[in-house]
Amino acid sequence: MTTVTQVRDIRRWSMLGLGVFAQASSAVFIHGVPFLLPALTDRGMSLPTAGLLVAMPTVGLVCTLIAWGYVVDRIGERTVLVGGPLVMLVAGVAAATTTNDIAFGALLFLGGVGGASTNGASGRVIVGWFPPHRRGLAMGIRQTAQPLGVGLGALAIPAVASAHGVAAAVLVPALMAGVAALGCYLGIIDPPRPAIGSADRVNPYRGDSTLWRIHGVSVLLCVPQGVVWTFALLWVHRDIGWSLAAAGALITGTQLLGALGRIGAGAWSDRVGSRLGPLRVVAIAAVLSMAALALTAWTGWWWVAIPLLVAASVITVSDNGLAFTAVAEIAGPYWSGRGLGVQNTGQNLAMAAIPPVFGALIEVGGFPSAYLAAAVLAAAAVPLVPRERGETGPWRIWRRGTAVPKVEP
(Lines give C-alpha, C1' and ligand atoms only; values in the text may rest on other atoms or scores of the structure.)
Protein backbone atom coordinates (compact mmCIF):
# COMPACT_ATOMS: atom_id res chain seq x y z
CA MET A 1 0.00 0.00 0.00
CA THR A 2 1.31 3.44 -0.90
CA THR A 3 1.72 5.67 2.17
CA VAL A 4 1.32 9.44 2.44
CA THR A 5 5.08 9.96 2.81
CA GLN A 6 5.81 7.88 -0.30
CA VAL A 7 3.70 10.10 -2.55
CA ARG A 8 5.58 13.07 -3.94
CA ASP A 9 4.05 16.53 -3.67
CA ILE A 10 3.56 16.77 -7.44
CA ARG A 11 1.46 13.58 -7.42
CA ARG A 12 -0.52 14.79 -4.41
CA TRP A 13 -1.35 18.08 -6.13
CA SER A 14 -2.11 16.35 -9.42
CA MET A 15 -4.71 14.20 -7.65
CA LEU A 16 -6.16 17.36 -6.15
CA GLY A 17 -6.38 18.82 -9.65
CA LEU A 18 -8.21 15.75 -10.96
CA GLY A 19 -10.62 15.91 -8.05
CA VAL A 20 -11.30 19.57 -8.76
CA PHE A 21 -11.98 18.85 -12.43
CA ALA A 22 -14.32 15.94 -11.62
CA GLN A 23 -16.20 18.06 -9.10
CA ALA A 24 -16.35 20.98 -11.57
CA SER A 25 -17.98 18.78 -14.21
CA SER A 26 -20.54 17.77 -11.60
CA ALA A 27 -21.10 21.42 -10.67
CA VAL A 28 -21.68 22.42 -14.31
CA PHE A 29 -24.28 19.65 -14.66
CA ILE A 30 -26.06 20.26 -11.36
CA HIS A 31 -25.71 23.99 -10.77
CA GLY A 32 -25.24 25.11 -14.38
CA VAL A 33 -28.55 23.72 -15.62
CA PRO A 34 -30.49 26.56 -13.88
CA PHE A 35 -28.90 28.88 -16.44
CA LEU A 36 -31.36 27.32 -18.89
CA LEU A 37 -34.13 29.30 -17.15
CA PRO A 38 -34.09 32.20 -19.67
CA ALA A 39 -34.30 29.79 -22.63
CA LEU A 40 -37.08 27.75 -21.02
CA THR A 41 -39.16 30.76 -19.99
CA ASP A 42 -38.64 32.47 -23.35
CA ARG A 43 -40.38 29.56 -25.05
CA GLY A 44 -43.46 29.98 -22.83
CA MET A 45 -42.78 27.78 -19.81
CA SER A 46 -43.78 29.32 -16.44
CA LEU A 47 -40.97 30.17 -14.02
CA PRO A 48 -42.09 27.69 -11.28
CA THR A 49 -42.39 24.86 -13.85
CA ALA A 50 -39.03 25.66 -15.42
CA GLY A 51 -37.55 25.90 -11.93
CA LEU A 52 -38.84 22.42 -11.13
CA LEU A 53 -37.30 21.03 -14.32
CA VAL A 54 -33.85 22.53 -13.76
CA ALA A 55 -33.91 21.31 -10.15
CA MET A 56 -33.95 17.66 -11.28
CA PRO A 57 -30.14 17.22 -11.26
CA THR A 58 -30.11 18.40 -7.66
CA VAL A 59 -32.91 15.97 -6.79
CA GLY A 60 -30.86 13.12 -8.26
CA LEU A 61 -27.88 14.35 -6.28
CA VAL A 62 -29.60 14.41 -2.90
CA CYS A 63 -31.21 11.01 -3.40
CA THR A 64 -27.84 9.27 -3.70
CA LEU A 65 -25.20 11.27 -1.80
CA ILE A 66 -25.28 9.11 1.32
CA ALA A 67 -25.30 5.93 -0.77
CA TRP A 68 -22.24 7.13 -2.69
CA GLY A 69 -20.59 7.97 0.65
CA TYR A 70 -21.20 4.43 1.85
CA VAL A 71 -19.69 3.09 -1.37
CA VAL A 72 -16.61 5.30 -0.91
CA ASP A 73 -16.19 4.06 2.68
CA ARG A 74 -16.36 0.46 1.44
CA ILE A 75 -14.58 0.28 -1.92
CA GLY A 76 -12.48 3.42 -2.17
CA GLU A 77 -12.33 6.75 -3.98
CA ARG A 78 -10.88 5.91 -7.40
CA THR A 79 -13.67 3.58 -8.52
CA VAL A 80 -16.32 6.11 -7.52
CA LEU A 81 -14.54 8.99 -9.26
CA VAL A 82 -14.53 6.99 -12.49
CA GLY A 83 -18.01 5.45 -12.36
CA GLY A 84 -19.98 8.54 -11.36
CA PRO A 85 -18.73 10.80 -14.17
CA LEU A 86 -19.43 8.00 -16.67
CA VAL A 87 -23.08 8.07 -15.55
CA MET A 88 -23.13 11.85 -16.16
CA LEU A 89 -21.67 11.34 -19.62
CA VAL A 90 -24.32 8.80 -20.62
CA ALA A 91 -27.18 10.85 -19.15
CA GLY A 92 -26.07 14.07 -20.84
CA VAL A 93 -25.63 12.50 -24.25
CA ALA A 94 -29.07 10.89 -23.96
CA ALA A 95 -30.63 14.20 -22.88
CA ALA A 96 -29.27 15.85 -26.01
CA THR A 97 -31.23 13.41 -28.17
CA THR A 98 -34.69 13.75 -26.59
CA THR A 99 -37.44 16.29 -27.27
CA ASN A 100 -39.77 15.08 -24.50
CA ASP A 101 -39.75 17.28 -21.39
CA ILE A 102 -40.49 14.38 -19.03
CA ALA A 103 -37.69 12.26 -20.47
CA PHE A 104 -35.40 15.30 -20.39
CA GLY A 105 -36.16 15.81 -16.70
CA ALA A 106 -35.56 12.12 -15.96
CA LEU A 107 -32.18 12.22 -17.68
CA LEU A 108 -31.25 15.37 -15.75
CA PHE A 109 -32.14 13.40 -12.61
CA LEU A 110 -29.83 10.56 -13.71
CA GLY A 111 -27.03 13.03 -14.40
CA GLY A 112 -27.45 14.33 -10.86
CA VAL A 113 -27.12 10.77 -9.57
CA GLY A 114 -23.77 10.47 -11.33
CA GLY A 115 -22.70 13.91 -10.17
CA ALA A 116 -23.27 12.96 -6.53
CA SER A 117 -20.32 10.58 -6.69
CA THR A 118 -17.67 13.29 -6.86
CA ASN A 119 -18.65 15.17 -3.69
CA GLY A 120 -17.47 12.81 -1.00
CA ALA A 121 -14.87 10.95 -3.05
CA SER A 122 -12.89 14.03 -4.10
CA GLY A 123 -13.00 15.35 -0.53
CA ARG A 124 -11.78 12.04 0.82
CA VAL A 125 -8.81 12.04 -1.57
CA ILE A 126 -7.71 15.37 -0.05
CA VAL A 127 -8.24 14.35 3.57
CA GLY A 128 -6.34 11.12 2.89
CA TRP A 129 -3.33 12.57 1.05
CA PHE A 130 -2.81 16.01 2.68
CA PRO A 131 -1.57 16.58 6.26
CA PRO A 132 -3.79 18.63 8.63
CA HIS A 133 -1.73 21.82 8.44
CA ARG A 134 -2.20 21.95 4.63
CA ARG A 135 -5.65 20.38 4.46
CA GLY A 136 -7.64 23.61 4.78
CA LEU A 137 -5.83 25.16 1.82
CA ALA A 138 -6.16 21.97 -0.24
CA MET A 139 -9.85 21.64 0.58
CA GLY A 140 -10.35 25.32 -0.23
CA ILE A 141 -8.83 24.69 -3.66
CA ARG A 142 -11.06 21.65 -4.08
CA GLN A 143 -14.08 23.76 -3.16
CA THR A 144 -13.29 26.13 -6.02
CA ALA A 145 -14.75 23.46 -8.28
CA GLN A 146 -18.29 24.60 -7.54
CA PRO A 147 -17.91 28.32 -8.34
CA LEU A 148 -15.69 27.50 -11.30
CA GLY A 149 -18.31 25.06 -12.55
CA VAL A 150 -21.09 27.58 -12.03
CA GLY A 151 -19.04 30.26 -13.76
CA LEU A 152 -18.38 28.00 -16.72
CA GLY A 153 -22.06 27.10 -16.81
CA ALA A 154 -23.07 30.76 -16.79
CA LEU A 155 -20.71 31.47 -19.66
CA ALA A 156 -21.37 28.43 -21.84
CA ILE A 157 -24.84 27.02 -21.20
CA PRO A 158 -26.98 30.08 -22.08
CA ALA A 159 -24.87 30.67 -25.21
CA VAL A 160 -25.12 27.05 -26.37
CA ALA A 161 -28.85 26.96 -25.57
CA SER A 162 -29.41 30.16 -27.56
CA ALA A 163 -27.45 28.92 -30.57
CA HIS A 164 -28.27 25.20 -30.63
CA GLY A 165 -31.15 24.54 -28.24
CA VAL A 166 -31.68 23.49 -24.64
CA ALA A 167 -30.85 19.82 -25.08
CA ALA A 168 -27.51 20.52 -26.76
CA ALA A 169 -26.45 22.72 -23.86
CA VAL A 170 -26.42 19.68 -21.59
CA LEU A 171 -23.58 18.22 -23.68
CA VAL A 172 -21.22 20.77 -22.09
CA PRO A 173 -21.09 19.09 -18.66
CA ALA A 174 -21.53 15.62 -20.19
CA LEU A 175 -18.34 15.90 -22.22
CA MET A 176 -16.50 17.37 -19.24
CA ALA A 177 -17.59 14.35 -17.18
CA GLY A 178 -16.21 11.96 -19.79
CA VAL A 179 -12.80 13.66 -19.65
CA ALA A 180 -12.93 13.57 -15.83
CA ALA A 181 -13.66 9.84 -15.77
CA LEU A 182 -10.63 9.13 -17.97
CA GLY A 183 -8.34 11.41 -15.94
CA CYS A 184 -9.37 9.89 -12.60
CA TYR A 185 -8.90 6.37 -13.99
CA LEU A 186 -5.33 7.22 -14.96
CA GLY A 187 -4.29 9.50 -12.11
CA ILE A 188 -6.11 8.80 -8.82
CA ILE A 189 -4.67 6.51 -6.14
CA ASP A 190 -6.85 5.50 -3.19
CA PRO A 191 -5.36 7.10 -0.05
CA PRO A 192 -4.22 4.79 2.74
CA ARG A 193 -6.38 4.31 5.80
CA PRO A 194 -5.19 3.18 9.23
CA ALA A 195 -6.07 -0.26 10.50
CA ILE A 196 -9.60 -0.08 11.88
CA GLY A 197 -9.85 0.02 15.67
CA SER A 198 -12.68 0.09 18.17
CA ALA A 199 -12.77 3.90 18.15
CA ASP A 200 -13.19 3.94 14.38
CA ARG A 201 -16.27 1.75 14.64
CA VAL A 202 -18.11 4.23 16.88
CA ASN A 203 -20.81 6.24 15.15
CA PRO A 204 -19.68 9.88 15.56
CA TYR A 205 -23.32 11.03 15.45
CA ARG A 206 -24.26 9.22 18.65
CA GLY A 207 -24.13 11.25 21.84
CA ASP A 208 -22.66 14.32 20.15
CA SER A 209 -24.51 17.10 18.32
CA THR A 210 -21.42 18.66 16.73
CA LEU A 211 -21.77 17.11 13.28
CA TRP A 212 -25.53 17.68 13.21
CA ARG A 213 -25.03 21.35 14.08
CA ILE A 214 -22.46 21.78 11.31
CA HIS A 215 -24.86 20.11 8.87
CA GLY A 216 -27.64 22.50 9.97
CA VAL A 217 -25.39 25.54 9.55
CA SER A 218 -24.45 24.45 6.05
CA VAL A 219 -28.07 23.87 5.04
CA LEU A 220 -29.05 27.36 6.14
CA LEU A 221 -26.02 29.02 4.55
CA CYS A 222 -26.51 27.30 1.21
CA VAL A 223 -29.80 29.17 0.73
CA PRO A 224 -28.22 32.59 0.01
CA GLN A 225 -25.62 30.83 -2.13
CA GLY A 226 -28.31 29.02 -4.12
CA VAL A 227 -30.48 32.11 -4.52
CA VAL A 228 -27.55 34.07 -5.96
CA TRP A 229 -26.49 31.20 -8.23
CA THR A 230 -29.98 30.50 -9.53
CA PHE A 231 -31.52 33.94 -9.96
CA ALA A 232 -28.71 36.51 -10.25
CA LEU A 233 -28.43 36.02 -14.03
CA LEU A 234 -32.17 36.49 -14.46
CA TRP A 235 -32.23 39.50 -12.11
CA VAL A 236 -29.37 41.30 -13.84
CA HIS A 237 -30.92 40.58 -17.26
CA ARG A 238 -34.59 41.25 -16.49
CA ASP A 239 -34.58 43.95 -13.80
CA ILE A 240 -31.29 45.77 -14.34
CA GLY A 241 -31.46 45.47 -18.14
CA TRP A 242 -28.13 43.91 -19.03
CA SER A 243 -27.87 41.65 -22.07
CA LEU A 244 -27.64 37.92 -21.44
CA ALA A 245 -24.04 37.91 -22.66
CA ALA A 246 -23.04 40.73 -20.30
CA ALA A 247 -24.95 39.22 -17.39
CA GLY A 248 -23.34 35.82 -18.02
CA ALA A 249 -19.89 37.39 -18.08
CA LEU A 250 -20.62 39.14 -14.77
CA ILE A 251 -21.77 35.90 -13.12
CA THR A 252 -18.71 34.09 -14.46
CA GLY A 253 -16.47 36.78 -13.00
CA THR A 254 -18.16 36.57 -9.59
CA GLN A 255 -17.75 32.81 -9.54
CA LEU A 256 -14.03 33.14 -10.26
CA LEU A 257 -13.75 35.56 -7.35
CA GLY A 258 -15.76 33.12 -5.26
CA ALA A 259 -13.21 30.42 -6.04
CA LEU A 260 -10.45 32.67 -4.71
CA GLY A 261 -12.58 33.35 -1.64
CA ARG A 262 -12.78 29.64 -0.88
CA ILE A 263 -9.03 29.25 -1.18
CA GLY A 264 -8.53 32.22 1.12
CA ALA A 265 -10.96 30.85 3.70
CA GLY A 266 -9.17 27.48 3.68
CA ALA A 267 -5.74 29.06 4.08
CA TRP A 268 -7.13 31.27 6.88
CA SER A 269 -8.41 28.20 8.73
CA ASP A 270 -4.98 26.53 8.47
CA ARG A 271 -3.28 29.65 9.80
CA VAL A 272 -5.48 30.04 12.87
CA GLY A 273 -5.92 26.31 13.48
CA SER A 274 -9.71 26.59 13.37
CA ARG A 275 -12.44 25.63 10.91
CA LEU A 276 -15.43 26.78 12.96
CA GLY A 277 -14.29 30.26 14.04
CA PRO A 278 -13.90 31.43 10.43
CA LEU A 279 -17.18 29.68 9.59
CA ARG A 280 -19.01 31.85 12.12
CA VAL A 281 -17.54 35.05 10.65
CA VAL A 282 -18.52 33.99 7.11
CA ALA A 283 -22.08 33.33 8.30
CA ILE A 284 -22.36 36.84 9.76
CA ALA A 285 -20.97 38.34 6.56
CA ALA A 286 -23.52 36.38 4.50
CA VAL A 287 -26.37 37.87 6.54
CA LEU A 288 -25.11 41.41 6.04
CA SER A 289 -24.42 41.06 2.31
CA MET A 290 -27.80 39.50 1.48
CA ALA A 291 -29.69 42.06 3.55
CA ALA A 292 -27.86 44.86 1.76
CA LEU A 293 -28.58 43.25 -1.60
CA ALA A 294 -32.28 43.09 -0.73
CA LEU A 295 -32.29 46.79 0.13
CA THR A 296 -30.61 47.86 -3.11
CA ALA A 297 -32.86 45.60 -5.21
CA TRP A 298 -35.90 47.21 -3.53
CA THR A 299 -34.67 50.79 -3.96
CA GLY A 300 -33.32 50.30 -7.50
CA TRP A 301 -29.84 51.55 -6.64
CA TRP A 302 -28.23 49.57 -9.46
CA TRP A 303 -24.88 51.33 -9.09
CA VAL A 304 -24.63 49.81 -5.60
CA ALA A 305 -26.42 46.54 -6.38
CA ILE A 306 -23.82 45.20 -8.80
CA PRO A 307 -20.84 45.56 -6.40
CA LEU A 308 -22.98 44.04 -3.65
CA LEU A 309 -23.88 41.13 -5.91
CA VAL A 310 -20.18 40.51 -6.50
CA ALA A 311 -19.47 40.65 -2.75
CA ALA A 312 -22.40 38.37 -1.89
CA SER A 313 -21.35 35.87 -4.56
CA VAL A 314 -17.92 35.59 -2.92
CA ILE A 315 -19.08 35.54 0.70
CA THR A 316 -21.90 33.04 0.30
CA VAL A 317 -19.62 30.33 -1.13
CA SER A 318 -16.75 30.78 1.34
CA ASP A 319 -18.28 28.63 4.09
CA ASN A 320 -18.44 25.38 2.14
CA GLY A 321 -14.83 24.30 2.41
CA LEU A 322 -14.63 25.17 6.09
CA ALA A 323 -17.66 23.06 6.99
CA PHE A 324 -16.66 20.27 4.61
CA THR A 325 -13.19 19.97 6.13
CA ALA A 326 -14.56 20.09 9.68
CA VAL A 327 -17.00 17.25 8.96
CA ALA A 328 -14.30 15.07 7.38
CA GLU A 329 -11.88 15.63 10.28
CA ILE A 330 -14.47 15.05 13.01
CA ALA A 331 -16.08 12.01 11.37
CA GLY A 332 -12.77 10.17 10.87
CA PRO A 333 -11.48 7.95 8.03
CA TYR A 334 -14.16 5.25 8.35
CA TRP A 335 -17.18 7.55 8.64
CA SER A 336 -16.20 10.59 6.60
CA GLY A 337 -17.72 9.22 3.37
CA ARG A 338 -21.13 8.97 5.01
CA GLY A 339 -20.58 12.18 6.97
CA LEU A 340 -19.81 14.11 3.81
CA GLY A 341 -22.79 12.40 2.16
CA VAL A 342 -25.09 13.64 4.93
CA GLN A 343 -23.49 17.09 4.70
CA ASN A 344 -24.12 17.39 0.99
CA THR A 345 -27.56 15.77 1.17
CA GLY A 346 -28.86 18.46 3.50
CA GLN A 347 -27.32 21.24 1.45
CA ASN A 348 -28.62 19.97 -1.83
CA LEU A 349 -32.13 19.25 -0.53
CA ALA A 350 -32.28 22.95 0.21
CA MET A 351 -30.73 23.73 -3.19
CA ALA A 352 -33.34 21.58 -4.93
CA ALA A 353 -36.13 23.56 -3.28
CA ILE A 354 -34.67 26.96 -4.14
CA PRO A 355 -35.61 27.24 -7.85
CA PRO A 356 -39.35 26.42 -7.49
CA VAL A 357 -39.87 27.96 -4.02
CA PHE A 358 -37.94 31.16 -4.57
CA GLY A 359 -39.19 31.35 -8.16
CA ALA A 360 -42.74 31.49 -6.76
CA LEU A 361 -41.62 34.04 -4.13
CA ILE A 362 -40.08 36.25 -6.81
CA GLU A 363 -43.27 36.16 -8.86
CA VAL A 364 -45.22 37.38 -5.81
CA GLY A 365 -42.80 39.80 -4.14
CA GLY A 366 -39.95 40.36 -6.58
CA PHE A 367 -36.23 39.80 -6.15
CA PRO A 368 -35.93 41.92 -2.95
CA SER A 369 -38.17 39.48 -1.08
CA ALA A 370 -36.02 36.53 -2.14
CA TYR A 371 -32.79 38.19 -1.04
CA LEU A 372 -34.31 39.22 2.30
CA ALA A 373 -35.61 35.69 2.97
CA ALA A 374 -32.13 34.33 2.26
CA ALA A 375 -30.63 36.81 4.75
CA VAL A 376 -33.07 35.73 7.47
CA LEU A 377 -32.21 32.05 7.00
CA ALA A 378 -28.48 32.84 7.09
CA ALA A 379 -29.00 34.71 10.36
CA ALA A 380 -30.46 31.54 11.89
CA ALA A 381 -27.17 29.75 11.14
CA VAL A 382 -24.94 32.01 13.22
CA PRO A 383 -25.83 30.71 16.72
CA LEU A 384 -25.73 27.10 15.48
CA VAL A 385 -21.97 27.12 14.73
CA PRO A 386 -20.32 24.97 17.45
CA ARG A 387 -17.75 26.65 19.68
CA GLU A 388 -14.31 25.19 20.09
CA ARG A 389 -12.80 24.43 23.48
CA GLY A 390 -11.02 27.46 24.83
CA GLU A 391 -12.80 29.86 22.50
CA THR A 392 -13.40 32.96 24.58
CA GLY A 393 -14.45 35.50 22.00
CA PRO A 394 -14.64 36.34 18.32
CA TRP A 395 -11.09 37.69 18.10
CA ARG A 396 -9.57 34.27 18.82
CA ILE A 397 -9.98 33.38 15.17
CA TRP A 398 -7.39 35.95 14.12
CA ARG A 399 -4.61 34.30 16.15
CA ARG A 400 -2.26 31.74 14.70
CA GLY A 401 -2.99 28.17 15.84
CA THR A 402 -0.85 25.06 15.82
CA ALA A 403 -3.58 22.47 15.37
CA VAL A 404 -7.25 22.21 14.65
CA PRO A 405 -8.89 22.48 18.12
CA LYS A 406 -11.59 20.20 19.47
CA VAL A 407 -15.15 21.44 19.67
CA GLU A 408 -17.53 21.33 22.59
CA PRO A 409 -20.36 18.80 22.17
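Residues numbered from 1 in each chain as written. Predicted model: local features only at pLDDT ≥ 70, side-chain atom pairs only at ≥ 80, totals over all residues. Heavy atoms only, no water.

S.K.: Looking at this model, I keep getting lost on the pattern of salt bridges. Mind explaining?
M.R.: Pairing between side chains becomes possible if they bear opposite charge and their charged atoms approach one another. Under the defined criterion, the tally for this structure stands at 4 salt bridges. For Asp270, the salt bridge goes to Arg275, with nearest N and O atoms at 2.9 Å. For Asp270, a relative accessible area of 17% gives the class buried. The exposure class of Arg275 is buried, given its relative accessible area of 1%. Through salt bridges that share partners, Arg135, Asp270, Arg275 and Glu329 make up one connected network. (Salt bridge = Lys/Arg side-chain N within 4 Å of Asp/Glu carboxyl O. Buried < 20%, exposed > 50% of the residue type's maximum accessible area, 1.4 Å probe, protein only.)

S.K.: What is the right way to look at the packing of aromatic side chains in this model?
M.R.: Any two aromatic rings considered together are summarised by their centre-to-centre distance and by the angle between their planes. What the rule picks out here adds up to 5 aromatic pairs. Measuring from ring centre to ring centre gives 6.4 Å for Trp235 and Phe367, while their planes differ by 45 degrees; the resulting arrangement is tilted. In this pair, Trp235 sits in helix α12 (residues 210–240) while Phe367 sits in helix α17 (residues 336–381), placing the two residues 132 residues apart along the sequence. Phe367 sits in the buried class, given a relative accessible area of 4%. Ring-pair connections join several aromatic residues into one group, and the members of that group are Trp235, Phe367 and Tyr371. Directly above the aromatic system of Phe130 lies the positively charged group of Arg12, at a separation of 6.0 Å from the ring centroid. (Phe/Tyr/Trp six-rings, centres within 6.5 Å; stacked < 30°, edge-to-face > 60°. Helix = DSSP H or I, 4+ residues; strand = E, 2+ residues; numbered from the N terminus. Lys NZ or Arg CZ within 6 Å of the ring centre and 35° of its normal.)

S.K.: I tried to follow empty space enclosed by the protein on my own but got confused; where do I start?
M.R.: Leftover empty space is mapped by rolling, across the atoms, a probe with the size of a water molecule. Summed over all chains, the structure comprises 5 cavities of 30 Å³ or more. In terms of lining residues, the largest cavity is bounded by 13 residues, among which His31, Pro34, Thr58, Thr230 and Met351 are the most central. Counting only elements with at least two residues in the lining of the largest cavity, the list comes to α1 (9–32), α12 and α17. With 4 residues, α17 is the single largest residue contributor to the lining of the largest cavity. (1 Å grid on protein atoms, 1.4 Å probe; cavity = no way out; pocket = protein on both sides within 12 Å on 5 of 7 lines; lining within 4 Å. Points joined across faces, edges and corners; volume = space filled by probe spheres on them.)

S.K.: Can you help me understand the nonpolar core in this one?
M.R.: Ranked by size, the top nonpolar core spans 116 residues in total, and within it Leu36, Trp235, Leu309 and Tyr371 carry the most contacts. With 17 residues, the single largest contributor to this core is α12. Beyond its immediate sequence surroundings of up to four residues, Leu309 is in contact with Val228, Ala232, Trp235, Val236, Leu250, Ile251 and Leu293. (Core = buried A, V, L, I, M, F, W, Y, C linked by side-chain atoms within 4.5 Å. Contact = heavy atoms within 4.5 Å.)

S.K.: When you look at the side chain of Arg280 in this model, what are you seeing that I'm missing?
M.R.: Positionally, Arg280 belongs in helix α14 (residues 276–299). At 3.3 Å, the side chain of Arg280 forms a polar contact with the backbone oxygen of Val385. (Polar contact = N/O pair within 3.5 Å; in protein donor to acceptor, adjacent residues only side chain to side chain.)

S.K.: Hey, could you run me through the environment of Val82 in this one?
M.R.: As for its placement among the helices and strands, Val82 is situated in helix α5 (residues 77–95). For Val82, the contacting residues outside a window of four places in its chain are Ala181, Cys184 and Tyr185.

S.K.: Explanation requested: a nonpolar patch on the surface in the structure shown.
M.R.: Taken together, the side chains of Leu295, Trp298, Trp301 and Trp303 make up a nonpolar region of the molecular surface, amounting to roughly 600 Å² of accessible area. Among the secondary structure elements, Trp298 is positioned in helix α14. (Patch = residues over 30% accessible without salt bridge, like charges linked within 9 Å, V, L, I, M, F, W, Y side chains within 5 Å. Areas by Shrake-Rupley, 256 points an atom, 1.4 Å probe, with all protein chains shown as cover.)

S.K.: What's the story with the packing of α14 against helix α16 (residues 319–331) in this structure? I'm lost.
M.R.: The packing of two helices is summarised by the inter-axis angle and the distance between the axes. As a packed pair, α14 and α16 sit with axes 9 Å apart at the nearest point and diverge in direction by 150 degrees. Between α14 and α16, the crossing angle belongs to the class labelled roughly antiparallel. Remark: the crossing between α14 and α16 carries left-handed chirality. Together, Leu276, Pro278, Leu279 and Val282 of α14 and Asp319, Leu322, Ala323 and Ala326 of α16 make up the contact between the two elements. The residue inventory of the contact of α14 with α16, partitioned by class, reads 7 nonpolar, no polar and 1 charged. (Axes fitted to C-alpha atoms, helices over the stretch in contact; angles between N-to-C directions. Parallel < 35°, antiparallel > 145°, perpendicular 65-115°, else oblique. Left-handed = near helix turned anticlockwise from the far one by under 90°. Nonpolar A, V, L, I, M, F, W, Y, C, P; charged D, E, K, R; others polar.)

S.K.: Help me understand the environment of Arg280 in this model?
M.R.: Since its relative accessible area comes to 11%, Arg280 is described here as buried. Residues Arg280 and Asp319, 39 residues apart in the sequence, show an inter-C-alpha distance of 8.7 Å.

S.K.: Looking at this structure, how should I read the side chain of Thr230?
M.R.: With respect to the secondary-structure elements, Thr230 resides in helix α12. What makes Thr230 buried here is its relative accessible area of 10%. Polar contacts involving the side chain of Thr230 include one to the main-chain carbonyl oxygen of Gly226, which spans 2.8 Å. Setting aside anything within four residues of it in sequence, one finds Thr230 in contact with Pro34, Leu37, Ile354 and Pro355.

S.K.: For this particular structure, what's the right way to read helix α3 (residues 47–54)?
M.R.: Within α3, burial applies to Leu47, Ala50, Gly51, Leu53 and Val54. Viewed end-on, α3 has its buried residues packed into an arc of 160 degrees, placing them on one side of the element. Considering only its buried residues, α3 is in contact with α2 (37–42), α4 (56–75), α6 (101–115), α12 and α17. (Arc of directions from axis to C-beta.)

S.K.: Would you mind going over α5 with me for this structure?
M.R.: Working note: α-helix, 3.6 residues per turn, so residues spaced by three or four point in the same direction. Look at α5: 27 Å from first C-alpha to last across 19 residues, which is about the 27 Å you get at 1.5 Å a residue. Summarising the contacts, the buried residues of α5 are in contact with α1, α4, α6, α7 (117–129), α10 (166–169) and α11 (171–187). (Expected span 1.5 Å × (residues − 1).)

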